[in-house]
Structures are given as structure tokens and as C-alpha cells.
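Descriptive structure summary
Each chain, written out:
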Number of protein chains: 4
Amino acid sequence: METMIDGDVVAKENELRAKNLQSDFNALGEQLGRRGIDINAILAKVEAFGVAIPSWGVGTGGTRFARFPGEGEPRDVFDKIEDCAVIQQLTQATPTVSLHIPWDKADPQRLKQAAARFGLRFDAMNSNTFSDAADQSHSYKFGSLSSADAATRRQAIEHNIECIEIGKEIGSKALTIWIGDGSNFPGQVNFGKSFERYLDAVRSIYEELPDDWRLFTEHKMYEPAFYSTVVQDWGTNYIIAKETGDRAFCLVDLGHHAPNVNIEMIVSRLIQFGKLGGFHFNDSKYGDDDLDAGSIDPYRLFLVFNELVDAELSGAKDFDPAHMLDQSHNVTDPIESLMMSAIEVQRAYATALLVDRKALAGYQESNDALMATQTLKTAFRTDVEPILAMARQKAGGAIDPVATYRASFYRKKVAAERPAVASGGGGIV
Amino acid sequence: METMIDGDVVAKENELRAKNLQSDFNALGEQLGRRGIDINAILAKVEAFGVAIPSWGVGTGGTRFARFPGEGEPRDVFDKIEDCAVIQQLTQATPTVSLHIPWDKADPQRLKQAAARFGLRFDAMNSNTFSDAADQSHSYKFGSLSSADAATRRQAIEHNIECIEIGKEIGSKALTIWIGDGSNFPGQVNFGKSFERYLDAVRSIYEELPDDWRLFTEHKMYEPAFYSTVVQDWGTNYIIAKETGDRAFCLVDLGHHAPNVNIEMIVSRLIQFGKLGGFHFNDSKYGDDDLDAGSIDPYRLFLVFNELVDAELSGAKDFDPAHMLDQSHNVTDPIESLMMSAIEVQRAYATALLVDRKALAGYQESNDALMATQTLKTAFRTDVEPILAMARQKAGGAIDPVATYRASFYRKKVAAERPAVASGGGGIV
Amino acid sequence: METMIDGDVVAKENELRAKNLQSDFNALGEQLGRRGIDINAILAKVEAFGVAIPSWGVGTGGTRFARFPGEGEPRDVFDKIEDCAVIQQLTQATPTVSLHIPWDKADPQRLKQAAARFGLRFDAMNSNTFSDAADQSHSYKFGSLSSADAATRRQAIEHNIECIEIGKEIGSKALTIWIGDGSNFPGQVNFGKSFERYLDAVRSIYEELPDDWRLFTEHKMYEPAFYSTVVQDWGTNYIIAKETGDRAFCLVDLGHHAPNVNIEMIVSRLIQFGKLGGFHFNDSKYGDDDLDAGSIDPYRLFLVFNELVDAELSGAKDFDPAHMLDQSHNVTDPIESLMMSAIEVQRAYATALLVDRKALAGYQESNDALMATQTLKTAFRTDVEPILAMARQKAGGAIDPVATYRASFYRKKVAAERPAVASGGGGIV
Amino acid sequence: METMIDGDVVAKENELRAKNLQSDFNALGEQLGRRGIDINAILAKVEAFGVAIPSWGVGTGGTRFARFPGEGEPRDVFDKIEDCAVIQQLTQATPTVSLHIPWDKADPQRLKQAAARFGLRFDAMNSNTFSDAADQSHSYKFGSLSSADAATRRQAIEHNIECIEIGKEIGSKALTIWIGDGSNFPGQVNFGKSFERYLDAVRSIYEELPDDWRLFTEHKMYEPAFYSTVVQDWGTNYIIAKETGDRAFCLVDLGHHAPNVNIEMIVSRLIQFGKLGGFHFNDSKYGDDDLDAGSIDPYRLFLVFNELVDAELSGAKDFDPAHMLDQSHNVTDPIESLMMSAIEVQRAYATALLVDRKALAGYQESNDALMATQTLKTAFRTDVEPILAMARQKAGGAIDPVATYRASFYRKKVAAERPAVASGGGGIV
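Each chain carries its own residue numbering, running from 1 in the written order of its sequence. Going through the entries in the order they are written, you letter the chains from A and number the ligands from 1. Two thresholds apply to this predicted model, a pLDDT of at least 70 for residue-level local features and 80 or more for giving and counting side-chain atom pairs, whereas whole-chain, interface and lining totals are computed over all residues. By convention in this description, side-chain values take in all heavy atoms of the structure and omit both hydrogens and water.

Chain A is annotated in an unreviewed UniProt entry as L-rhamnose catabolism isomerase of Mesorhizobium denitrificans.

This is the structure in C-alpha cells:
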């Protein structure tokens, strides 16, 4: 299997840190042992955990005000796959890539080969009916799957079916639908009729879904629509999954909720009613900020994983959530942000595994709120970095992925091949 | 039929205003006529519209910091019914009263007679498992219908059944359940288990529901629980109604949502899926502020009624929403606030009736967002006060209810009979 | 003076509506007369009221996800001035245009002539250091006036001074500074140091401000920075104005605040301490949605004007607020949206003029909260459209601007000359 | 010096944990040593750190819906001081108590003696003009320091002066003013006039402030007022401190801000302009939830302390923040919650001390956002519990305060002496 970064660089960087890692790992192992936890069991779970990289995440993001490009940005899906390979090589936590059509449209065989070179696989396919492609007949300015115009809806349905077709060829097993449909003015759309049209359209797509695929629909409170959004919250998303079929599930993006909403509770509800499809991980302080996972509120991310681990251990029905990052990297090197974010997601998982669930259940039964919450806090504040680093090292990744990445001068090297992109924005305000 | 305020006072006050009212009514009628609207058809609809008064609303409210009592506060449910009679006499918009058990517990026959004196009827019954009554065996400190303790749940179920029993005797046809169950700390309760227990408990209550009754469950984002709430949003509320049965519906309180949430869209979704039970009308700027309906964002109230009128005119299935005020009057005379609030709700209804729905549908079809929203705005900014005042006058109410109420010196009179209550608060912070 | 739309079209459209307008105006005049208000005094105030059009507002806006262009979009600042002339011709409420540099950079003499053709003048100049221009030496990716890099700050200062220089030649009397500086990650910037640098930079710009100019700084909670923003709220903005000098004032954009914030109170505070510079009017439901003024919460806009009228009538010190629209028109014809928005701002002003301020002060003194708020509501719900339409008609504008605009086929005509622009977005996510 | 809990209980419980604590302390010391940090220097700082207990915090709190009392609640200020003594004995982190007048009014000499028994001192005095005391002449229903009524304002001023007088006798050095003044309806109060009255009243209080005292004013977005609040945010609070005098400072309660607001940035601004007085620590998810410090978003608490440590190390002018808890304990034993909250505040301080500030400054200079934020995260995720526990043990406190407290059966013992209080609420809704 190929690697984008020379194995010697990784080995040399790891050598600098291996001894201290072992010492920290041992100290943590001893402490966990006292708490009745086998550090190697946790290590094994972490090793088996993966999160998908969105192909669009390796490019520099932006806002409606501007985009400030980075050096050596990927020119096409094949460059993107190479960047994803770097992330996986160093973190060993991101074995899959999630494509976006039409941005990543290419010959499926070439796509498969490009991924196979690095041992990567393809996660959920993502359709795009929130912007107009150069050649399309009908504009999505006033909606796509919920458009008042039948031909526009048909076009959007067919685009989704095309995504399934491509996905089938490259080994994907899911389609994720996120649309921007909604309105900017009270009265602009009829809520009921537009949701009916949306449901009909999703059913048409679902009919084309292979038996071993799942359909993920994603809700979002607002943006790009600023008064109403067709799939605005988990309540609507749940109805969609329920009305569509057994293989239809809800996707939760952590940044798509109203202020103050208890997201971990939504996750619990979707688990309970068998409709949790998966996640778009990121973090946010205000709106759909698409910041790095765990960078703003790491405890919230832990609380989400607390629900996931609880479901995993209790054998919840239809529970098999897809994990994907979905972030916009405006001021960092996207490869670095994605590496650290994948590790943050792993960290949330690892700390959630440390929760003493028997004790917790007891405190819940006896209404001992203080000890219940301390049980979570004790797990959360355990520094599991030695476990995560050990998992990376064991799999051939980097103990310190960012330092190793910088030592490799990968970005400089690709910048030499990939021409600089002009600054953008300035017109969309 | 008796009245609390002397009919001569009303007549005298109306006399002062009747001529101008007629003149304004005529001018508006002419203007509406030009827009193709028959003012008398609107008048008839307004005359038929009513909103229930919550018995607890006629007392002065407060916050956890303090309660500043008003003059002449009702001492018991019979005083409350008299105050409600004043509201109905002057507004002719509030023919029903909604009781709260145990606060309003009394001999059902006496209750019926007390209401019948003034031609009032009883709306939905409200149970209370969010505070402990003096004599109860199990505390609701850690939950009621979702409590981890079976005996506590049983007690809460039985209390709700008792509310149904009382309601049956006094002619009520619905039970409203709002609970404060939830948690203040991550980990305090298991989300899934506590919701299961809640669902089981609601099913037990539903089994006792008479065939011609409806069950309303009410969601609320937070308060009194500050980390998680069992029935936290419309998504959960919808699941409850769906899992419970055909006569289970969702109640929407306008102040119970996350910041920025599009409430009119939630109303539309519940209508579309046959689960809108009714409303607790009020207004809010921050949390569950329980301010007077329409006092903060009157356009939002109009947009809610825009959905209701649309459903009424299009014959939506299972559509028969209950209208009730639910407010806390901390700095005004509750009777005055409730009169003005009932009128605000009527006003939202009347203006929503003015929407040119044929034109609106056309603009929606052709994506003419600007004209669609102007169609709503044109209706909203029409000053329908002459219609509302004319409806009151025709039915024997007051053209200007507040002025008439003040001219009657009702508050002074009852203050002489009802002893002053001491200031409260100061301990609950 | 030239007009973009044939005067005959306007005359013909007005003829259709003049009689009914007169009748509605008379009826309203009679009703207001009864309330002690002279309709002609209000009319005179409305006639004297104007709001500036932002040059960038006449182009179709977009989001980071996509931009869906409209027909006949302006190609340059001269096309934009022609579109602004249409808005002013029909509404007679928008006598000035606010330019944005570098987007509107052109020979100042040509700019003056272009505006003079239509009797337009220039309002505040707007600088841009939130995106990179093609030719600039230093990128604003990591900040502009607050950048850690001195050369970048110097460049940003000089750009602002250039804006002043252009403004001096075309008759502007104010500079508005809005920057996107901030951070996306905790720790990325040092809050204190970066604010110090910002203050130093603003002082350098202020030194170049002509004596008869004012400097407006604008705060915004978030976007494009998603963790912290240097000028994040009115508190920081007030400190800036205070630390900078007597001609430094705060600009309030209605969409730049945290959820639930009481904006009219901020307006009052800035008036009280002599630091209100003016407004960017628009409306929002979620974030900085830049929707049409008054389209989401018209009562809030009224409450802002209630403060402005109160200050105007009470002769508040240093009170001379600049009025400007700042909106993004993604789904409407920008000319139509800007016309209706200017009229909405006028409407808020006109209704605020109707408030019975003597009665209001009395109710405030006696803590009669109910009558105080009803005093505002009575003014708000008065339909002043006849006054606004009469003001337009008298000045040669259109009684119904949108209908008249559509009847003129202006958009079709310019679309024939202005080539279609390709759809955008799809890369910035 | 007396203790409320037998020293033997503490010793016995500590014995069970001392060996493991030493082992964890050593392992952490070694790890920190590798990072260039002397664990004993951090330990010394933690030992010197204290946070005040609010006297009202040791009673069970409630909401407007209900209060569910706990066992053995304190009957008066002397019981409260005993409970505070327990907290200090076990945590050694809470050497002071903050009193609330009139709730804690008693003979000053007895108060001093009661505190001296346990080596406790008195922190800031808190006045109460948000509720009516039994004997007062004028009600605060419509405001206190900002009331439209001069006699009411005078009464409120005199109450604050009385608080100063009591404080002088018991060794307090600060007065904290929080008022509930505001309005529930648009128009109810005149924003400008009511703020002028407030400023005048505060100046009158300030005139009576001893030279070595500080005045703290506290802002809050809403509650108990639900439309506008006189001291609504830090901007207004800053103006108050600025207009009042050199010894007037702003108090920051973490739960008193609008949704999504960046609180650590407000802290930085107040530090920068010399007006940070101190804190009311707690946590919140929705409104002013008054939950245990660090229980909802521990990273936010860390980020606040990151600013405080930065100011401490850089010698910011006038920087001497007062630390106080201000929480409502509705479902836990208040003593347990206060102990854990004091420790959480200590923890935030200790982890903030671990930040590599030289590296951070370098990353900020070079715009290395990723490494800057990782520098904070590395400190935050270090589990400093061994340092905190060691500080407690060294000072004679408990390694595990909650376990030790439970082992002492303190609550059971006082419950035997302190009669049960009846359940409350049920009237204030």
C-alpha cells in the first residue's frame, strides 16, 4: 500500500516520543486499573473506530464575504483523495472518504483505484441540489426536491439517483441528502404543500435505493434559507424517515440546531425510535459555524458519545451510526484540522467508554444527581491521549500527527505542483 | 344570566363610542369592499371565535425572585370564575374557563352552577404534577410521570385520572398534561428510560379517557428542569401523540421553544400530520416569559393564525384546535391583561381572514416571494379594531373593554371583600 | 432631471389609484383628527424622511452555498446608480446612495455626474478590509485593522483613508467601517492585544477625517469569524466611539445582535450617551440574515423608531442618525425589495410619529403598564399606507411602486443590455 | 478553631485515599515536568485560591413552579454559617461567606463570632431590592433604584447604605448590587429616564462607600423583567462603572448573557478597561439556570480563567477579581453542590495555569490558529485532580469531599435539629 508521506519521517518523529508515550500509557493504565477498567480493552475499541473524511473538507472553506485560499489546495477529486490519504496515514482513524456529486464526479473506476492505492474506501455519497451546476436545465433558486415546479423536482430526483449509481460502482452503501430548500419571506412558500412535494420526491429516490443501502436525510435550522427551511429540525427529519421506509434514517449535524438545544437528547430520541443514521461532526458557537469538532464545547461532544456508547453497550435496535466530519477550514491547513478533529471524535468515544455505567445506572435509579454527573465528569476529565496515541502508533500512524505532518513538508511539496487559487468572495454579500 | 358589572355602565361607556365606531366600521367596510372582502362575513367569523381563560390567570403571577400581589386577588375558584365572567362580559370572546387541579378543586356541582350563572362553560382540565400538594404521599422532586419510582408514577397517573373524573362532571372534553420532569445535570436521568416510563404513564391515562375527549400533551424546552426536559420539543410531542392514540394531540405554547425557532412552521407540520391539539397563547422575548399575547411580536401571532385559517379553509383533517390563553400577569391587573390578550388573539384571527389566499397561492406557484409576503403584510396591517369592537358591541360587550372595566370600579369593589395577600418570594432563588 | 422610467408610466399607474388613495387618506385623516393628530403634519415629516440605498444592494446576493443570479444585474457602479435612480423615482424616499470601495471605485467626477443626472447624492463611504482585492500586497485572512502584522494594518488604514479621499470628492460626509476581524478558535488571537491594535488603527484613520465628517463603526456578533469578533457588540462599539473622538459614532445593524437581545434598548443607550451614528436597516430571524426591513418582525422596527422619534422630539444631544438599508436579496428583484424596504422604514417612522407621547409619559409615571403598551400598539396598528402613498404621489413618485415598476418593464429592458452572470457558489462551503 | 465535622472522620477517609493520591500526584508531576511545569508551583497557587460561598446557596432553591425542600435546611444565618463551615472544612477552598440583607440580618457581633468560630470571613454584602420585605413602606413591584417614584428610590438607596453599615461592622469590603428593575411590556418604562434615575441612585450609594470598599454592579439579560432590564448587559454595566467612580466595578455572572455570547471576551474587555470587579460563578444551558459551576460547559469556565490567568501574569491594572459562587440547588444537597462547584472553579484556575503562554503568544503572532488552540486544549485536558486533592489534604481538608461528607452523616444530624420545611410553589406561575 502506498503512502503519501515517507514512512521514515513518521518513524523518526515517533521515535522522539515513543518512550514518553509508553510511560504515560503505563501510568494511565495503572490509574484506570484502579477504577476497574482494562486500558487494553479501551485501546482495542479505539483502534476499531473510524470517522469518514468529506472530500470537500480538504479544500479551504470560506464565507459569503470572502474565501482566503490556502497553499497547495487540491485541484480535483484525485488530489483530494491524496490529502485524505495523508490524514489516514498519520491518524489511522479515517479509513473512508465521502464524495460529493457533482464536485467529485469522475470515472468510477479511476476513483476506486485512486482510493485503493492508499487502502481507502468510500463512505456515503452526497448529492447537491443547493447550487446550480453549469449545465443544468432548471435552477434551484426557488427549491429543488420541494420546488413548486415539477420539472425542477424531477431533475433533483434524477441527480440523487445518479449519485446512487456512482456510489454503487465505487462501493458506497448510503446516500446523504441535504437540501437548502426553504424561504426567505413569510408567505413565500406554503409549508404544507412544499413538505408534501419533498416527501414525494424522497420516496421516488428511495425507490431506487439498493437493498443494502441506507438513506440519510439531514435537518438544519436555517441557512441558506433565512425564514423557513423545509427540513428544519429533527422532528421533521424523523417524520421523513418514518414516512419513507425502513432504510431511511436521520443524520445529525452538530451545528444545525437552534441555540441552546440539547443535542444529546435528540440523539437519544432517534436511537430509541430506531432512526439514527449518523453524524456530521463539527462544532459551533453561533450558527452552522462548521468549526473543528470539539474545539468549542468538548463536553457536548462527549455527551453525544455518552449516548452512543450507551446504545452500543445496550444493543439498541437498528443502531449503526455513520460517523463523518463536516467542517469548513477557513484559517487552518485543512489536513491539520481534519486530523485533529478525527482525533477529537475518537477522544470523545474513548472517554465515553470510561464511564462507569453500572454506577451511573445506580445513581439514576436513586436520584443521586450529583454522583451521576460526577460519574460522567470523572470519565470526561481523564486524559486519554496516551490511548489515542498508542492506537495510532500501533497501526503505523503518528504519535503526534501535526508535528509529523509539518516535518514531512507535505503542504510545501503539493503547493509546488498545485497552482495557487485566486482569492474569492467580495460579490456574495 | 347574571353579570358582574352593571349593564348600565357598559351601555353608558358604549354610548360614548358608538358613533365613531360606526363611522370607522363603514370606512373599513368600504376599503375591504374594494379589496373584494365582505366586512360582515369577517364580522360573523369573529363573533363565532372564542378563547378560553385559564383560571390561574386571573391571579397575579410572579417569578422565583418575588411575587408582588395585586389588589383584590381571587381567594378561590369561585372568585376566579367571577373574574372570568367579567372578562367574558366585556369582551364576549372568552366563553370558557380552563381549570387546574388541585388548585381549583371543589364540589363539581357548585363549579357548574358558578359557571352557569354567567353562561360560562369549562374547557380543558389541567393536571399538576410539577409541584407537591400538601397531602401527597410521593414527592415530584425527581419527576412525576417519568419518575424512576413506580409508586410516584402511579400517583401521578391517578391524579390525571382524577382530573378526568372531575372534568366529566363539569362538561370538560379534554385533559391537558404538562409536566416539569427532566434533569438539571448531565447524567442525572437516562433519557431513553425516562421517556419510556413517560410513554407508559401517558398510555395508562389515555386508557381512562372518555371516547369524546381529547388528550393534549404540551412540550417545553426548559424550566423548571434546566439541563434536559422529557417533553422538550414538538418532535418528542409528536411521537407521544403518535404512540398514544387517535385522540392524543399536541398542544403548542408559543413561549416554549428554542430561540429563533419558526413556530408557525411547527404549527403547519402538526396540522399536516393531524396532531395539532391546540394552543396556549402568550408572548415571549427570552424564555417562557408568559407575557400578554401579541405584546412582543404581533406579526408572529398573525403568522400562526395564517396557518390556522389556511387549514380551516382547506378543510384539514382532524383540525379543531383548542384556544387557550396561558399568561403570567406580574405588573398589570390580570383582568385587563386577559381582556386585551383575548382581543389580540381575535385580531390575529381577523387579519388572517383578510389574506387574499387565491392571490397568495398564485404568488407561491410562481415564486413571486415579494408579492407573496406583501399579500400577508397587506392583511396584517389592516386595522381591524372596528370589526372586533363591533362584534363586542353586538353581543352586549364593551366597545372599549379596559375603559369600561375601569369605569365600573370592579377591582376596587372586590378588593373590599377579598383580603390583601402578603408579598411572596424572597426564598426561592 | 432625468428619470430611468418614463414619467407617463408613472402617471398612468397613479391615475388608476389616485381616487381611492384620496378617499383612504381622508378617512384616515378624520380618524387621526379624532385622536388629536393632524395628518398633514405627519405627511410633511414623511416627505422629509429619507434612507440611503447601498450600492451593493441592487445586485442579487447569495450565501456561502450558492448565488443564484437574477436577470439584468448591474455590471458596474454606473448601472447600480441607474437602479438606485429607479428606486428613488418611484419611492421618493431614497435620495442618497452609499458606495463601497473597491467595488465601486471609479473616476469621482464621473460618479458625481452619474448621480447628479438623477438628483441623487452620496451617503457614507464603506471600506472593505474583509476580503482581498486582486492587487493587494497583504492578505486579510488573519485580520485587517487588528492584524498581528503591522504592514497589514497599515494597508488597511490606508485603504480607509483612500475611501475618505474619494468621499471628499463626491460629497460624502461619513465613513463606515465594518471589519470581519476575529477568530475561529479559542486561543487564536489575544483578545486584549488585538483590540488595542484595532483602536490604534481606528485612531489613525480618524486623524485623517475631515472636520465635517463623522466616523461610523459597526459591531456584529459573528460571521465571518465564528469564535470571536473584535467589534462584537454595542459595548465594544461604544468604547471605540468613546476612545476615538467626538466625531466617532456607533452604527447599528439590526441583524448583528445575539438572539433575543432588546435592540431598541441599545438604541436608547447610544442616544443617551451621544454615540448613535445611524443604522443599517434590514430584518433577521436567525443570524445576520439581511432580509428586507420589517419583513420578519415589523413591531421591532417600530419600537426602534419609537426611540428615534422620542429622541427627535425631546431634542437629544448629538442626535442625527444616518439611515441606510443593508440587505441581501437572494430571491427577489433587488429593486423591488429595496423599494418595499425603504417604505417599511418610512412606515415605522410614520407610525412612531402617531404615538401619543404625552399620554405615554403619564402612563409611565403612574406604572400603568397596560395602557402604556396599548398606546404604542394603537399607533403601530394604524394603517398609514395612505400617508406614505400620498407623500410619494405628491413628490412625483408612484402610489404603488412595485406595480408601476413592473408596468415599466425596466428589468426586461436592462436585461437586454446587461449580460447574464453565471451562477456562483459551490466551492465556498 | 472549631469544625462541624469530626476530624477523625476526615482523617479516616483520607487514609483510604492518600497512597493513590500520592502516586497520581507523582505521575502527573513527572508528566508536567516534561512539559516544563513545576507541579509544586501550581499546587502553591491552588492553595492560595479561594471562592466565596453565598449564604443563600446552602438552602435548597426552586423555580416559580415549585420548590422541593431538602432535609435539614438551615433555619437562619447561623445555620447557614455552619453549613459554610462544612464546605470550607472539607474543600479548604471557600474561606469566605457572602451575606444577603435582609435575609441574613442579625446582630453584627454575633455574625462575626459565628464566622470566627470556624475561621471564616465575610465577602461582599448583597442588597435586595428585587422583592418586598414584610415591613417596607414602598413596594418594588415597579422598580427600585430606577423607580419612577422618588420615595421608592430613596428607600432602595437607604437599604443599600444599611448593607454597607452592616458590612463595615463584620469586615466586608464590597457591596454587590443586583436589581430586577425593568419592564414586561414595550412602553412600560422610558429606557433613558429610568437609566438616568438608576445612575443617580447608584451615585448616592457610592457616596457612602468607605474608601477601602468596592462597589460591584451586576448585569443580567432578563428575569425577573421579561421585556427590558435596566442593567441588561456588560455595555450598560461598563457605563455604570465608568460614570460612577474609580471604585465601581462590573460583576459578571456566567448565566446572565444572551444565547451564544462569548463571555470570556467580555471578561477580557472589562479587564482591559480596568472595570472587572468579579464573578458569580455557575453554569447554564438556557437562561439564568444557576446550575453548578462547570457542570454544563467546563471548557467555557476554563476559557474564562484563561483570561484571568493571563491578566494575573501580565499584571493588568486594577485587576483583583472577587470570586463567588451563585447557584440554585434544586435537586442536590446544597453542601455537596457547593463543594464540587468550588473545586470546579479551582480546577479551571489550575488548568489555566498550565497553559504554555510563551508558546501561545508565538502561535498568535504567527497566526497558527491550530497550534494556538491546541495549546489551550493540552492544558484543559490535563487531569489536575491530584493537585486539587493534594491541596485539600495538605490544608486539612478531604481528599474526597463528597465521600467524606456522606461518611460524616452531617445532613442527617442537622435534620434532627432543623425542622422540615413545607413544599412551596404552586401559586407563582
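Digging into the state of the cysteines
In what follows, a disulfide is any cysteine sulfur pair within 2.5 Å. Scanning the entire structure with this criterion turns up zero disulfides over all chains. Between Cys 250 of chain A, a cysteine without a disulfide, and Cys 250 of chain B, which holds the nearest cysteine sulfur, the sulfur-to-sulfur distance is 17 Å. Only protein chains enter the accessibility calculation, which uses a 1.4 Å probe; a residue whose area is less than 20% of its type maximum is buried, one above 50% is exposed, and one in between is partly exposed. Note on Cys 250 of chain A: relative accessible area 1%, which makes it buried. Among the cysteines around Cys 163 of chain B, which has no disulfide bond, Cys 84 of chain B carries the closest sulfur, lying 18 Å off. Among the residues examined, Cys 163 of chain B registers a relative accessible area of 0% and is labelled buried.

What about helix H7 (residues 234-244) of chain D?
The numbering of helices and of strands both runs from the N terminus, where a helix is a DSSP run of H or I of at least 4 residues and a strand a run of E of at least 2. Most of H7 of chain D is tucked away: nine of the eleven residues are buried. If you check which residues of H7 of chain D are buried, you get Trp 234, Gly 235, Thr 236, Asn 237, Tyr 238, Ile 239, Ile 240, Ala 241 and Thr 244 of chain D. Its buried side turned inward, H7 of chain D meets helix H7 (234-244) and helix H8 (263-272) of chain C together with helix H6 (191-206), strand E8 (214-218), strand E10 (248-253) and helix H8 (263-272) of chain D. For this analysis, a polar contact is any N or O atom pair within 3.5 Å, provided that within protein one partner can donate a hydrogen and the other can accept it, and provided that sequence-adjacent residues contribute only side-chain to side-chain pairs. The opening residue of H7 of chain D is Asp 233 of chain D, an N-cap whose side-chain oxygen sits 3.2 Å from the backbone nitrogen of Gly 235 of chain D. The contact criterion used is simple: two residues touch if any of their non-hydrogen atoms lie within 4.5 Å.

A short note on the interface of chain A and chain C
Chain A puts 52 residues into the contact, and the matching count from chain C is 52 residues. Put simply, buried area is the surface a 1.4 Å probe can reach on two separate parts but cannot reach once they are joined, added for both. Of the roughly 4,700 Å² buried where chain A meets chain C, counting both sides, 66% is carbon and sulfur surface. By convention in these notes, a salt bridge is any Lys or Arg side-chain nitrogen within 4 Å of a carboxyl oxygen on Asp or Glu. Our count for the chain A to chain C interface comes out at six salt bridges. With its nearest N and O atoms 2.9 Å apart, the salt bridge here joins Arg 64 of chain A to Asp 288 of chain C. Each residue belonging to the side of chain A that touches chain C can be placed in one class, and the counts come to 23 nonpolar, 18 polar and eleven charged. Each residue is assigned to one class: nonpolar for Ala, Val, Leu, Ile, Met, Phe, Trp, Tyr, Cys and Pro, charged for Asp, Glu, Lys and Arg, and polar for all the others, Gly among them.

Observations concerning the environment of Arg 214 of chain D
Residues and elements named next belong to chain D. In this structure, Arg 214 sits in strand E8. Separated by 33 residues in the primary sequence, Arg 214 and Arg 247 have C-alpha atoms spaced 4.9 Å apart. Those residues within four positions of Arg 214 in sequence are excluded, and the remaining contacts are Lys 173, Ala 174, Leu 175, Leu 209, Arg 247, Phe 249, Gly 277, Asp 320 and Ala 322.

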